[in-house]
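# Observations on the model geometry
What follows is each chain in one-letter form.
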Amino acid sequence: MNRLISLLLTVILFELMLGGGGRLIAWGGVSLRMILFGLALLAAGIQILRKQKFSREYWSLTFIFGCVLLVGFIRGLISGADRVFWWEDIKPLLYFFMLPFFGFAIQEQSTVEATARIIRLAGIILSSIFIILLILLHTDIIPFLDFFHAVIGTQEFFFRGELTFFYKGFIYICIAFLFVHFSEDKYKYFILILLVVGILLSFTRGFLFAIALTYASYYSLKSSFIKTAVVAIFSLSVILFGQSAITKGSQIIDRLRNPQAHFQEEEINPNSNLLGDRSYSDEGRLQQIKEVTNRIHLSSLLIGHGFGVG
């Protein structure tokens, strides 16, 4: 049984880190992640029936989280939320109930180390495939439109024009970066460069900000004020200048791709949105902040508006 649980844990971890939002491998309304979730709950249930040891803290966390979901569910029903909407809100949160399975599966130090290795390997795989795909797309070995139509239906990919793309699983490149940085891997710095290249080529400001903020928090706890200040300034720079940097990058790329056009027509304005129009997404976030701010009151601060209420 323990070998089966170890095998299931390995499959779950790889699918979780390489499978993006969970819809990359799916059959109709059923995804591989859903199947693995069901198997994990079944395995945890069997272990409970076998009276295997399980940390009380895990039970407490699972119970508290269940109570929080129940409050949000009841609040949503009272508010008259559409059943479809509250189910869409609750569905991704149910993955928290994997905690008992992870509690049973990850108990030995060797399993902890194996999990860390899987996280590092997943980051390497993601970054390598990403870079290789970009090379194949830009050398026309894989036609862009063929790739676009093959993956867009999964809702896991977002394209930065025809230059690059974002995949929901790329967050694990950032997580792998942290794991590699604090490891003693023989090829540590080569791997870090590979991961950084993958992160940069995704042109995702949030990744750079999140990594910098993580290091700022880490170094502040270590009382390393100079390092904290450096990464804090970097994270602030990403917020203040990230949009203009991407805009300028788009203009430079446009000039490099069409040198004759810009040479012949000096008044032509280079395309500033080749890497995506981030001002549109920024406006959307600001609008959401305003909407939330306008609807905040004392009870919503404590228990929210309920699931299914936008």
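Right, let's walk through the structure included here. Because the structure is a prediction, the values reported are computed rather than measured.

On to helix α10 (residues 205–221). Counting along an α-helix, one turn takes 3.6 residues, and residues three or four places apart therefore face a common direction. Here α10 contains 17 residues, and its C-alpha end-to-end distance of 25 Å stays within 8% of the 24 Å for a straight helix at 1.5 Å per residue. Looking only at α10, the buried set comprises Arg205, Phe207, Ile211, Ala212, Tyr215, Ala216 and Tyr219. Remark: serine 223 follows α10 within two positions and exhibits a positive phi of approximately 60°.

This paragraph deals with the environment of threonine 214. Relative to the elements of secondary structure, threonine 214 occurs in helix α10. Separated by 18 residues in sequence, threonine 214 and alanine 232 place their C-alpha atoms 9.5 Å apart.

Another aspect to go through is the nonpolar core. Ranked by internal contacts, the top residues of the largest apolar core, which has 51 residues, are Ile12, Phe101, Phe147, Phe165 and Phe170. Here the element with the most residues in this core is helix α6 (residues 109–138); it accounts for eight residues. In this view, phenylalanine 170 contacts Phe130, Phe165, Ser202 and Phe207; residues no more than four positions away in its chain are not counted. Grouped together as the second largest cluster of nonpolar side chains are six residues, Phe65, Ala81, Ile90 and Phe307 included.

Attention now goes to the pairing of strand β4 (residues 164–167). Here β4 shows no split at all, with Thr164 and Phe166 on one side and Phe165 and Tyr167 on the other all buried. Relative to β4, strand β3 (residues 157–160) is paired through four bridges, and the arrangement is antiparallel. Note on β4: the bridge partner recorded for phenylalanine 157 is tyrosine 167. With antiparallel pairing between neighbouring strands as the criterion, β3 and β4 make up a hairpin whose turn holds three residues, including glycine 161 at a positive phi of roughly 65°.

This structure, assessed with the given rule, holds two salt bridges. When the shortest N-O distance is used, the salt bridge between arginine 33 and glutamate 15 registers 2.9 Å. With a gap of 18 residues between them, arginine 33 in helix α2 (residues 32–49) and glutamate 15 in helix α1 (residues 2–18) connect regions that are remote in the sequence. The exposure classification of arginine 33 matches that of glutamate 15, with both residues buried. Here glutamate 88 and lysine 91 are joined by a salt bridge, their closest N and O atoms 3.3 Å apart. You can call lysine 91 partly exposed: its relative accessible area is 33%.

Calculation criteria
- Residues numbered from 1 in each chain as written.
- Predicted model: local features only at pLDDT ≥ 70, side-chain atom pairs only at ≥ 80, totals over all residues.
- Heavy atoms only, no water.
- Helix = DSSP H or I, 4+ residues; strand = E, 2+ residues; numbered from the N terminus.
- Expected span 1.5 Å × (residues − 1).
- Buried < 20%, exposed > 50% of the residue type's maximum accessible area, 1.4 Å probe, protein only.
- Core = buried A, V, L, I, M, F, W, Y, C linked by side-chain atoms within 4.5 Å.
- Contact = heavy atoms within 4.5 Å.
- Pairing = 2+ DSSP bridges.
- Salt bridge = Lys/Arg side-chain N within 4 Å of Asp/Glu carboxyl O.

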